[in-house]
Amino acid sequence: MVEETVTKEKTTGMTEGRITEEGLQKLRELTGKSLRVNNQFNELASREAIRNFANGVGDPNPLWRDEEYAKKTRYKSIITPPSWLYSVFPSWVSVGLPGVHGFHSGTDWNFHKPVFCGDKIRPECWMAGFEEKVGKFAGRTIIIHYDARYYNQKEEMVAQAHSWSVRAERHTARKEGKYTDIQLPHPWRSEELEEIEKEVLAEEVRGDKIRYWEDVEVGEKLRPVVKGPFGLTDMIAFCVGAAPVQLLAHHMALELYHRHSAWAFRDPMTYALEPIYGVHYNKAAANAAGLPYPYDVGTQRQCWLIHLLTNWMGDEGWLKTNYAEYRRFVFYSDVVWLRGTVTKKYIDENGECCIDIETSAMNQRGEETMPGHSTVILPSRDRGTWPVALRLNKDSGSER
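Let's talk about unusual backbone geometry
A cis amide bond links Leu184 with the next residue in sequence, Pro185, at an omega value of -5°. The peptide bond linking Gly228 to Pro229 adopts the cis configuration, its omega dihedral lying at -5°. Examined against the element boundaries, Pro229 turns out to sit in the loop between strand 7 (225–227) and helix 7 (232–241). You will see that Ser91, though not glycine, has its phi angle at about 90°, which is positive.

A short note on the packing of aromatic side chains
Under the counting rule described, the total for this entry stands at 15 aromatic pairs. Residues Phe230 and Trp304 carry aromatic rings whose centres are separated by 5.8 Å and whose planes lie at 70° to one another, so their mutual orientation is edge-to-face. Here Trp304 lies in helix 10 (residues 298–313) and Phe230 lies in the loop between strand 7 and helix 7, a separation of 74 residues in the sequence. A cation over a ring is seen here: Arg74 above Trp386, with NZ or CZ 4.1 Å from the ring centre. Across the ring face of Trp213, the terminal group of Lys345 is positioned such that the distance to the ring centre comes to 4.8 Å.

Here's the deal with the nonpolar core
Counting 103 residues, the largest nonpolar core has Trp84, Leu85, Tyr150, Leu291, Trp312, Phe331 and Leu338 as the members making the most contacts within it. The greatest single-element share of this core, amounting to 8 residues, is contributed by helix 10. The next biggest cluster of nonpolar side chains, apart from the first, holds 5 residues, and it includes Ile196, Val226, Val335 and Trp337.

Looking at helix 2 (residues 47–57)
Looking only at helix 2, the buried set comprises Ala49, Ile50, Phe53, Ala54, Gly56 and Val57. Angularly, the buried residues of helix 2 cover 160° about the axis, an arc narrow enough to put them on a single face. Close packing links the buried residues of helix 2 with helix 4 (85–88), strand 7, helix 7 and helix 10. After helix 2 finishes, the residue Gly58 shows a positive phi value of roughly 70°.

Some remarks on the packing of helix 7 against helix 10
What describes two packed helices is the angle between their axes and the distance between those same axes. For the pair helix 7 and helix 10, interaxial distance at closest approach is 11 Å and the crossing angle is 90°. As far as their axial angle goes, helix 10 and helix 7 are roughly perpendicular. Here Asp234, Met235 and Phe238 of helix 7 come into contact with helix 10, specifically with Thr299, Gln300 and Cys303.

Comments concerning the pattern of salt bridges
Side-chain pairing between opposite charges can occur once the charged atoms of the two side chains come close. Taken as a whole and assessed by the stated rule, the structure comprises 19 salt bridges. Where Arg211 meets Glu220, a salt bridge forms, and the shortest distance between an N and an O atom there is 3.5 Å. Residues Asp348 and Lys320 are paired through a salt bridge, measuring 3.4 Å at the closest nitrogen-oxygen approach. Of the two residues, Asp348 sits in the loop between strand 11 (336–347) and strand 12 (353–363) while Lys320 sits in strand 10 (residues 318–325), which places them 28 residues apart along the sequence. Overall, Asp348 belongs to the buried group, its relative accessible area being 11%. Through salt bridges that share partners, Arg328, Asp334, Arg365 and Glu367 make up one connected network.

The rules behind the values
Residues numbered from 1 in each chain as written. Predicted model: local features only at pLDDT ≥ 70, side-chain atom pairs only at ≥ 80, totals over all residues. Heavy atoms only, no water. Helix = DSSP H or I, 4+ residues; strand = E, 2+ residues; numbered from the N terminus. Phe/Tyr/Trp six-rings, centres within 6.5 Å; stacked < 30°, edge-to-face > 60°. Lys NZ or Arg CZ within 6 Å of the ring centre and 35° of its normal. Core = buried A, V, L, I, M, F, W, Y, C linked by side-chain atoms within 4.5 Å. Buried < 20%, exposed > 50% of the residue type's maximum accessible area, 1.4 Å probe, protein only. Arc of directions from axis to C-beta. Contact = heavy atoms within 4.5 Å. Axes fitted to C-alpha atoms, helices over the stretch in contact; angles between N-to-C directions. Parallel < 35°, antiparallel > 145°, perpendicular 65-115°, else oblique. Salt bridge = Lys/Arg side-chain N within 4 Å of Asp/Glu carboxyl O.

Quick look at the structure:
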């Protein structure tokens with residue numbers, strides 16, 4: 001039985017699961033089936049939920065937070081950033097292989113309709129399949145694929161997401177020690193930090209300055225968005241706005257962990273039971289998973305990327321697709337430079353004026369942490385067209 005392969009290791013306090021044939025058979029049985037969404041955080045796109053999310057990813061765009069500003073836009077209302085859907089549901093459900101650590105490793109988004117303040121969102125998720133690979137981080141790993149859809153209160157599909165998660169045995173990751181040579185925290189000098197802070201504050205929100213398709217050139221660089229040095233409060237703020245998993249306290253937490261012992265471990269410093277999600281803010285948890293330091297959430301980093309794109313496209317642009325692979329971890333004290341380059345400009349089969357953008361997320365060590373690509377639809381001055389998703393009528397959005 002699978003349960004017999006799950007043990008508590010004394011040195012880490014975490015459940016140490018194994019990848020077994022029994023566990024893989026259970027995954028085969030789940031393939032193609034609808035999964036119960038038990039980790040939904042937000043449902044209602046309230047002003048507070050949108051504001052807390054934007055604060056949690058560090059996005060100052062007034063379209064997400066300023067009612068008077070938003071009333072003057074085509075939307076006539078505050079809307080959510082496209083990435084706000086991550087705060088509803090992270091696009092995957094952890095299934096199978098108890099005690100085998102999971103690393104969300106990438107998502108491919110398709111956005112269809114805006115989410116307005118007052119909308120209610122309902123997610124659905126299916127397991128699309130899995131594959132087995134051997135990697136440098138933890139040897140034998142399983143990659144599980146998921147498909148998710150998001151609907152508003154009118155049962156209109158607002159977005160689709162395909163995501164994948166790597167499952168790796170914790171003891172093997174610790175043994176491999178892939179990241180042990182990295183110096184953490186990073187030894188920043190004061191003059192370097194001053195320059196980084198200038199770069200962080202130099203981001204440009206395009207806003208109501210319309211970016212027309214005709215004015216964009218292939219090879220054009222997007223104004224970077226810089227995040228970091230990444231710290232504990234950045235992580236807390238993201239949890240407040242998005243919380244991709246259930247973060248509970250006291251009675252509620254203990255009740256959950258007694259039902260699902262593999263979801264928690266006992267912190268050696270405080271003796272408190274902590275969720276496995278603590279790898280993102282608890283060094284002992286990160287160490288148990290084979291990492292030297294706490295690290296960011298994959299969805300969080302992709303939210304930073306979407307921040308870059310919405311800054312550039314402005315209020316009249318539409319983010320059609322957004323693809324990102326989480327290749328490396330962003331550890332506490334790291335800085336990430338999110339950049340984009342226009343690679344293609346064309347009119348698609350639906351008459352939409354599209355811009356393809358290749359994106360990157362480089363850290364201070366010169367490592368690519370998140371390669372990706374996106375498609376943005378822009379208004380056309382010459383054709384007199386606007387993105388279909390923005391051709392709103394009086395009945396669009398919620399009944400507010």
